Amino acid sequence: MHLRLKISLCLATLFVFGIRESVCLPGASQVDLQLIYERYGRKPGDTWLSVLDDSYFEGRYSGWKMLFMCCGSEDVIERHLMHWIEDGVVSVAAEGPAGSADIAVAPPVADEVLEKMTELGYTVTVMDHDLEKTIMDTFSRGRQTGRLTENFLQLEEIEDYLKEVQKKHPDQVKLSIIGESVQKRPIMQLSIVSKGSLKKEEEQSPEISSLPVIFLDAGMHAREWLSTATALYLIESLLEDPEATKGVEWRIVPVVNPDGYLYTWRKDRMWRKNRRSIDFNRCVGVDLNRNFKVDFGGAGASPYACSDEFRGEAAFSEPETQAIRKAVTDMGDRLKAFVSLHSYRQSILLPWSHAPSSHDNVQNMTNLAHGIAKEISNSRGTQFDVDSAWFNLYPASGTSLDWVAGEGVPYTYIIELQDQGEHGFLWPESEIFPAVNESYAGFRFLSKMIRKEFSSKEFISEDDEAISLKSVELPVERDPTTENPLVIFLEIYDQILTENNEISKNLSEISLEVVNGTEGIKISELNRTATPSVVEQTGILNIDVEKNETAGSSLAEGIVIEVLNQASKNESEISASKTTLRERQPVLNTGIIYPTSTQYEHSLGVENSPPKADECAGDVDCKVSALIKSMLDKGQSTNDE
């Protein structure tokens, strides 16, 4: 019965999506899968699958729920969920700003995951009760092959389209292969210049070799189908818009990750990474946007192969990232703008993503980004945020954005496309056109500004000369704590109190309550062991990270920590997250501490004293960490008395 079900689902997939080859490929190790399914009580009639199981496409997410969690670092969230992640019954679907994350959970563990994470202090909301239905609802009925603005294209359709474009426009388009994927599929790049510029090789217009280049890639993360659809629409629109190709050369890679993209059609719509087999590990894939050689293995990149943000064995270990490196270096000084398309968040992100600092060209990058955002908004009112990746989204090391910026390219951006979470990765086919069309308005503006700044005067019109960018006021100098103290504090708190720590009868439970105030955030840590029926707050500890000063009173029954925001008195500017995320709060975080400071310090393998001030010079995280440790020692010794 179960075998017949699998076969019928494969046939249904062939019928609905028009896939030209059999999708019922050999699955993962049946021994492992059998043990996993027995462990979680999967019944013969169930259609849901472990992420490790590649048996079929349709039905695999039946009954899976999507949970929204806030707030804590993804590394910590993954550690809490790792044994489920390794069995493929939980997946971190997306990391968001302010330490939030979307977590996909299989039916048999949904309630258990929700209960555990709530007990650990996370705010957990069920955002989707049946992920399978949501996936299937994104596809249009009566699918027509090859319609760029009505349907998402499969990999073979994309390759056919690019070849057809070159045949139709030989004087304007050049198709090239910049590399191969792990599974030896071609990574295609389309170069577009003004009509008539490309002739026979010996007659090629000499000015082409001096044109500034705008490079754009998409599909680095396989499930982000809207990014690839946007790149394809950009190609089609450029060929019909002489103004957008005048005096510049566009180079577009619609699918950086062809193996992963194909896998999202054949097996798992929510797949993110490439399809690299990992030695001695049953998990598959490397996050290509953590594999570039810039702070490799730093913040936001995971060493765990089962993580969706697995960095790989070494920088540029993947042929896909090697292909982007070669494409970028081949352009040399001609490359003036680099754009990597992703989804979702509606943000234009600037370097740096691996550090809380600004690029040397931040003013010009910001001005241009705001111009792009304005043009997009003029189309139908969609608003795109502009900020550095670190502060707007989350820290991430090993990104293409930072690597290219480090190579000296003047304008580098990650554009996180529509929307802000309503559809997320599962963008409906019925909404492709309005999304890609408004994005094109921004790309057209980018082309004009690059032409005006870098092209020869012969290409610059009076209209171009009349365009001017508004100089946007930059944020005040920021550090991670004054910009978003809640996120940093929770990450440090969670790391200190939960690392190598298990709940037992000898441990005291502490609640961490976060309240936004007009001058900062107030974090209350309440000791419920002294008087079980009454919680008293008798002490306050103020932390001024900038001056590394503390001031407080008695810490007998509990302590209140106030992390002051020196940059602003406006609550909206110090909020822990965007408005859309704040509506899903309040935040309540629970941690575990040892009953004595000696046991606590021993668990962390550190000395029984905080770092000296000079050891933390210039390191905000170190300062906060030292203060918290010192505070806990004082609080515990007082309670022991």
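Each remark here, short or long, concerns the structure printed above.
Along each chain, the written sequence defines residue order, and numbers are assigned to residues from 1. Given that this is a predicted model, residues contribute local features only at a pLDDT of at least 70 and side-chain atom pairs are listed and counted only at 80 or more, while totals for whole chains, interfaces and linings are drawn from all residues. Only hydrogens and water are set aside; all other atoms, that is, all heavy atoms of the structure, feed into the side-chain values.

> For this particular structure, what's the right way to read unusual backbone geometry?
Leave glycine aside and you will find that most residues have negative phi; peptide bonds, for their part, are mostly trans. With omega at 20°, the peptide bond leading from S343 into Y344 counts as cis. With respect to the element layout, Y344 can be found in the loop between strand 9 (335-343) and strand 10 (347-350). Cis geometry is found at the peptide bond from Q418 to D419, where omega equals 0°. Secondary structure elements follow DSSP: runs of H or I no shorter than four residues count as helices, runs of E no shorter than two count as strands, and numbering proceeds from the N terminus. Locating D419 in the fold gives a position in the loop between strand 12 (411-417) and helix 14 (432-454). In the Ramachandran plot, D295 falls in the positive-phi region, its phi being about 50° despite a non-glycine side chain. Note on placement: D295 falls in the loop between helix 9 (258-266) and helix 10 (319-331). Accessibility here uses a 1.4 Å probe with only protein chains present; expressed as a share of the type maximum, an area under 20% marks a residue as buried, one over 50% as exposed, and anything in between as partly exposed. By relative accessible area, which is 39% here, D295 ends up partly exposed. The backbone phi angle of F316 is positive, close to 60°, even though this residue is not glycine. Take F316: it is sitting in the loop between helix 9 and helix 10.

> What am I meant to see in the pattern of salt bridges here?
As a working rule, side chains carrying opposite charge can pair if their charged atoms are close by. Any carboxyl oxygen of Asp or Glu within 4 Å of a side-chain nitrogen of Lys or Arg constitutes a salt bridge here. For the coordinates displayed, the defined rule picks out 18 salt bridges. We note a salt bridge from D259 to R185, for which the minimum N-O separation is 2.9 Å. Residue D259 is located in helix 9, and its partner R185 is located in the loop between strand 5 (173-180) and strand 6 (186-192); the two are separated by 74 residues in the primary sequence. For D259, a relative accessible area of 2% puts it in the buried group. For R185, a relative accessible area of 22% puts it in the partly exposed group. Between E318 and R276 there is a salt bridge whose closest N-O contact spans 2.9 Å. Here the residue E318 occupies a position in the loop between helix 9 and helix 10, and R276 occupies one in the loop between helix 9 and helix 10, the gap between them amounting to 42 residues. On the basis of relative accessible area, E318 is assigned to the buried category, the value being 2%. Beyond isolated ion pairs, a larger network of salt bridges with shared partners links E243, K246, R451 and D464.

> Would you explain the sheet that holds strand 4 (residues 123-128) in this entry?
The strand order across the open sheet formed by 4 strands is 2-3-1-4, and the pairing between neighbours is antiparallel. The open sheet has two edge strands with one neighbour each: strand 2 (90-95) and strand 4. When the angles between neighbouring strand axes are averaged without regard to direction, this sheet yields 30°. Pairs of strands are assigned from DSSP output, requiring at least two bridges between the strands. One ladder, built from 5 bridges, connects strand 1 (residues 65-70) with strand 3 (residues 101-105); its direction is antiparallel. By the bridge assignment for strand 3, M66 is matched with A104. Should any heavy atoms of two residues lie within 4.5 Å, those residues are counted as being in contact. Angles here are taken between N-to-C directions and fall from 0 to 180 degrees, while the axes themselves are lines fitted to C-alpha atoms, restricted in helices to the stretch in contact. Contacting strand 1, strand 2, strand 3 and strand 4, helix 4 (residues 110-119) crosses the sheet at an angle of about 5° to strand 1.

> Help me understand the environment of R311 in this model?
Looking at the element boundaries, R311 is found in the loop between helix 9 and helix 10. Owing to a relative accessible area of 23%, R311 belongs among the partly exposed residues under this scheme. On a C-alpha basis, the gap between R311 and G285 in space is 9.4 Å, while along the polypeptide they are 26 residues apart.

> What exactly am I supposed to notice about the state of the cysteines here?
Simply put, disulfide is the name for a covalent bond between the sulfur atoms of two cysteines. Note on terminology: pairs of cysteine sulfur atoms within 2.5 Å are recorded as disulfides. Taken as a whole and judged by the stated rule, the model has 1 disulfide. The residue that forms a disulfide with C283 is C306, at a sulfur-sulfur distance of 1.9 Å. The chirality of the disulfide connecting C283 with C306 is right-handed, given an S-S dihedral of about 80°. Placement of the pair is C283 in the loop between helix 9 and helix 10 and C306 in the loop between helix 9 and helix 10, with a sequence separation of 23 residues.

> Would you mind showing me how to read empty space enclosed by the protein here?
The rolling of a water-molecule-sized probe over the atoms marks out the regions of remaining empty space. Points on a 1 Å grid over protein atoms alone make up a cavity when a 1.4 Å probe fits among them but cannot get out, and a pocket when they form an open set with protein on both sides within 12 Å along at least five of seven lines; lining residues each have an atom within 4 Å of a point. Grid points are joined across faces, edges and corners, and a volume is the space filled by probe spheres set on the points. Evaluation of the coordinates by the stated rule reveals 7 cavities of 30 Å³ or more. Reported here for the largest cavity is a volume of approximately 220 Å³. Lining the largest cavity are 21 residues, with H221, R290, L393, Y394 and E416 sitting closest to its centre. Taken together, the elements giving at least two residues each to the lining of the largest cavity come down to strand 2, strand 9 and strand 12. Charged residues are taken to be Asp, Glu, Lys and Arg, nonpolar residues to be Ala, Val, Leu, Ile, Met, Phe, Trp, Tyr, Cys and Pro, and polar residues to be all remaining types, Gly included. A per-class count over the lining of the largest cavity returns 9 nonpolar, 6 polar and 6 charged.

> Please explain the packing of aromatic side chains as it appears in this structure.
Between two aromatic rings, the relevant description is the distance of the centres plus the angle of the planes. For this analysis, a ring pair means two rings from Phe, Tyr or Trp (six-membered ring only for Trp) whose centres lie within 6.5 Å, classed as stacked if their planes differ by under 30 degrees, edge-to-face if by over 60, and tilted for the remaining angles. On inspection of all chains with the given rule, the structure shows 16 aromatic pairs. With a centroid separation of 5.6 Å and 85° between ring planes, the pair formed by Y37 and W48 is classed as edge-to-face. Placement of Y37 in helix 2 (residues 30-39) and of W48 in the loop between helix 2 and strand 1 is noted, with a sequence separation of 11 residues between them. Like Y37, the residue W48 is buried in the burial classification. Look at Y411 and F454: their rings are 6.4 Å apart centre to centre, the planes differ by 75°, and that puts the pair in the edge-to-face class.

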